[in-house]
Amino acid sequence: MHIRRRDDLFELWAPAKLNLHLEVLGRRSDGFHELETLMCPINLCDTLYVQSHSSGRIWLDCQFADRRLPNGSPEARLADEGADNLVCRALELVRHEAGVKLGATVRLVKRIPVAAGLAGGSSDAAAALVAAAAAWKIDFTPQDLLRLAAQLGSDIAFFLQTGWAVCRGRGEIVQPVAGLGNLAVVVVTPPQGLATADVFAALRRHDEQRGRTDHEHRSIDGLLDAVQTGHLGRIGQALHNRLQTVAGRLSPWIARLADEFARAGVVGHLMSGSGTSYFGICRGARHARGIARRMVARGLGRAFVVRSRQ
Ligand code: ATP
């Protein structure tokens, strides 16, 4: 996350993430799933502007860079959510924890598609924790921030650090790894999303139908090795998302996107998180722009030409 200060106004850039590997290792007694995932930040970002305010209240103005918000879309729902926005929840948590009496005015500019497997909400929440500590001059340690992050959601800890990481547990155990900057990637978000809970439920049904309580686990080591050597072809071959097959049963967009990316001759392609956003690693920026145009022309959704951040 990138932070800039102008007088008492704090501006933070909150990046989206992609999952290059996602394995579900099992179900825990608390109902959460034990995960192993390699995540990389990309330069598709929301922007958060935070200014301390003496009123003791939090005012959030949530704007969307793309103004076409169809009724019933996750974006339209988020616009109505107000205090349920993770940004407000993060600020309120900091206020409560630190006993702060001040308030804040916040402007959130959303560019990351909502509920689409790109973790925009988690990234915004991480940015809000950092912004609140800065704006209210609270001396949180990194451990304090991690503890607050864990109370808000699973992916937030990843965004408190910079760069690529292997995340385990519910996602909150973060092990930074040396990643690759500047990978040219096209991300496509189709018109229909999937609820994360529905995708995990479908995975459980899928395992049960096969008469098992579990599936085989793909090792992350091949991908990590490929990333370390920077070998694009091997990275493309090693991409893996355990949720993709079951998400594909719930949404026809997944198979269509997989098919289009395969035809486009990308280095590798995969669904991100629990979907339905789907990405392809391209040979370069020109290749990526051509593919993005084609995806939009075929009505597959919104396409973003992005780069991985190291
Ligand atoms: P997850 O995999 O954690 O479910 P996701 O990457 O699919 O997340 P997000 O964009 O992070 O999707 O949104 C998840 C949910 O969080 C949405 O249903 C949304 O209404 C809610 N939410 C709350 N605050 C935000 C925010 N600032 N940005 C996006 N979503 C938010």
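Rules and cut-offs
- Residues numbered from 1 in each chain as written.
- Predicted model: local features only at pLDDT ≥ 70, side-chain atom pairs only at ≥ 80, totals over all residues.
- Heavy atoms only, no water.
- Helix = DSSP H or I, 4+ residues; strand = E, 2+ residues; numbered from the N terminus.
- Rg over C-alpha atoms; globule rule 2.2 N^0.38 Å.
- Contact = heavy atoms within 4.5 Å.
- Lys, Arg positive; Asp, Glu negative; His and termini not counted.
- Charge placed at Lys NZ, Arg CZ, Asp CG, Glu CD.
- Pairing = 2+ DSSP bridges.
- Axes fitted to C-alpha atoms, helices over the stretch in contact; angles between N-to-C directions.
- Domains from an automatic or database assignment.
- Buried area = accessible area lost by both parts, 1.4 Å probe.
- Salt bridge = Lys/Arg side-chain N within 4 Å of Asp/Glu carboxyl O.
- Buried < 20%, exposed > 50% of the residue type's maximum accessible area, 1.4 Å probe, protein only.
- Arc of directions from axis to C-beta.
- Near = heavy atom within 4 Å.
- Polar contact = N/O pair within 3.5 Å; in protein donor to acceptor, adjacent residues only side chain to side chain.
- Areas by Shrake-Rupley, 256 points an atom, 1.4 Å probe, with all protein chains shown as cover.
- Nonpolar A, V, L, I, M, F, W, Y, C, P; charged D, E, K, R; others polar.
- Parallel < 35°, antiparallel > 145°, perpendicular 65-115°, else oblique.
- Left-handed = near helix turned anticlockwise from the far one by under 90°.
- Expected span 1.5 Å × (residues − 1).

**Looking at the overall build of the chain**
Logical step 1: Scanning the chain for helices and strands turns up 11 helices and 12 strands.
Logical step 2: Compactness check: the chain gives a C-alpha radius of gyration of 19 Å against a globular reference of 19 Å for 310 residues, within 12% of the reference.
Logical step 3: With respect to the three principal axes, the spread of C-alpha positions in the chain is 55 × 45 × 40 Å.
Logical step 4: Residue pairs in contact within the chain that sit at least 24 positions apart in sequence constitute 73% of those at least 6 positions apart.
Logical step 5: Here the chain contributes 39 positively and 30 negatively charged side chains, and the mean placements of these two sets differ by 7 Å.

**Some words on the sheet that holds strand β12 (residues 302–307)**
Logical step 1: Overall, antiparallel pairing links the four strands, which are arranged β10-β11-β8-β12 in an open sheet. Looking along the sheet, the strands with just one partner apiece sit at the ends: β10 (268–271) and β12. Pairwise comparison of adjacent strand axes, ignoring direction, gives a mean angle of 20° for this sheet.
Logical step 2: Here strand β8 (residues 184–189) pairs with strand β11 (residues 278–281) via four bridges, running antiparallel. Residue Val-187 lies in a different strand from β11, and its bridge partner there is Phe-279.
Logical step 3: The strands touched by helix α10 (residues 252–263) within the sheet are β8, β10 and β11, with β11 carrying the most contacts at an inclination of about 10°.

**Some remarks on the domain arrangement of the chain**
Reports often express the size of an interface as the amount of accessible area lost when the parts come together.
Logical step 1: By domain assignment, the chain separates into domain 1 (2–176) and domain 2 (184–307).
Logical step 2: Relative placement of domain 1 and domain 2: their C-alpha centres are 23 Å apart.
Logical step 3: Tallying the contact residues gives 29 residues for domain 1 and 35 residues for domain 2.
Logical step 4: For the pairing of domain 1 and domain 2, the buried interface totals around 2,500 Å² over both sides, and the portion due to carbon and sulfur atoms is 63%.
Logical step 5: Applying the counting criterion to the domain 1 and domain 2 interface returns two salt bridges.

**A closer look at helix α1 (residues 74–81)**
Logical step 1: For α1, every residue scored as buried is listed here: Glu-75, Ala-76 and Leu-78. Buried positions in α1, seen along its axis, are confined to an arc of 160° and lie on one side of it.
Logical step 2: Remark: Gly-82 follows α1 within two positions and exhibits a positive phi of approximately 55°.

**Observations concerning the site of the ligand**
Logical step 1: The environment of the ligand is made up of 18 residues, and the closest members are Asn-85, Leu-86, Ala-119, Gly-121 and Thr-196.
Logical step 2: The backbone of Ala-115 places a nitrogen or oxygen atom 2.9 Å from an oxygen atom of the ligand.
Logical step 3: Residue Asp-124 places a side-chain N or O atom 3.0 Å away from a nitrogen atom belonging to the ligand.
Logical step 4: Look at the ligand: alone it shows 610 Å² of surface, and the protein chains cover 78% of it.
Logical step 5: Ranked by the residues each element gives to the shell around the ligand, the list is headed by helix α3 (residues 120–135), at four residues.
Logical step 6: Residues of the shell around the ligand, tallied by class, amount to nine nonpolar, six polar and three charged.

**Let's talk about the packing of helix α2 (residues 86–98) against helix α4 (residues 142–152)**
Logical step 1: It is the contact of α2 with α4, at a shortest axis distance of 11 Å, that shows an interaxial angle of 130°. The angle between the axes of α2 and α4 places the two elements in the oblique class. Judged by the sense of rotation from one axis to the other, the crossing of α2 with α4 is right-handed. Counted together, Leu-86, Arg-89, Ala-90, Leu-93, Val-94 and Glu-97 of α2 and Arg-147, Leu-148, Gln-151 and Leu-152 of α4 form the full contact between these two elements.
Logical step 2: Here the residues of the contact of α2 with α4 are counted per class, giving six nonpolar, one polar and three charged.

**Examining the pattern of salt bridges**
Logical step 1: Per the stated rule, a full pass over the model turns up 15 salt bridges.
Logical step 2: A salt bridge links Asp-225 to Arg-234, with the nearest nitrogen and oxygen atoms 2.8 Å apart.
Logical step 3: When its relative accessible area of 35% is taken as the criterion, Asp-225 is described as partly exposed.
Logical step 4: When its relative accessible area of 32% is taken as the criterion, Arg-234 is described as partly exposed.

**Considerations on the environment of Leu-35**
Logical step 1: Note that Leu-35 resides in strand β3 (residues 33–53).
Logical step 2: Its relative accessible area of 13% is what places Leu-35 among the buried residues.
Logical step 3: With 140 residues separating them along the chain, Leu-35 and Gln-175 place their C-alpha atoms 13 Å apart.
Logical step 4: Each residue touching Leu-35, except ones within four places of it in the same chain, is listed here: Leu-22, Glu-23, Val-24, Leu-25, Cys-167, Arg-168, Gly-169, Arg-170 and Phe-200.

**Here's the deal with helix α6 (residues 196–209)**
Logical step 1: End to end, α6 covers 20 Å across 14 residues, agreeing with the expected 20 Å (1.5 Å per residue, within 8%).
Logical step 2: Along α6, the residues classified as buried are Val-199, Phe-200, Ala-201, Ala-202, Leu-203, His-206 and Asp-207.
Logical step 3: The elements touched by buried residues of α6 are β2 (9–27), β3 and α9 (244–250).

**Focus on the pairing of β3**
Logical step 1: Among the 21 residues that make up β3, 16 are buried, leaving the element largely enclosed by the rest of the structure.
Logical step 2: Two strands pair when backbone bridges link them, and β2 and β3 are joined in this way by 17 bridges, in the antiparallel orientation. Note on β3: the bridge partner recorded for Val-24 is Leu-35.
Logical step 3: When β3 meets strand β6 (residues 165–169), the two strands line up antiparallel, connected through five bridges. Across the sheet, residue Glu-36 finds its bridge partner in β6, namely Arg-168.
Logical step 4: The sheet contact formed by β3 and strand β5 (residues 103–110) spans seven bridges and is antiparallel. For Ser-52, the partnering residue across the bridge sits in β5 and is Ala-104.

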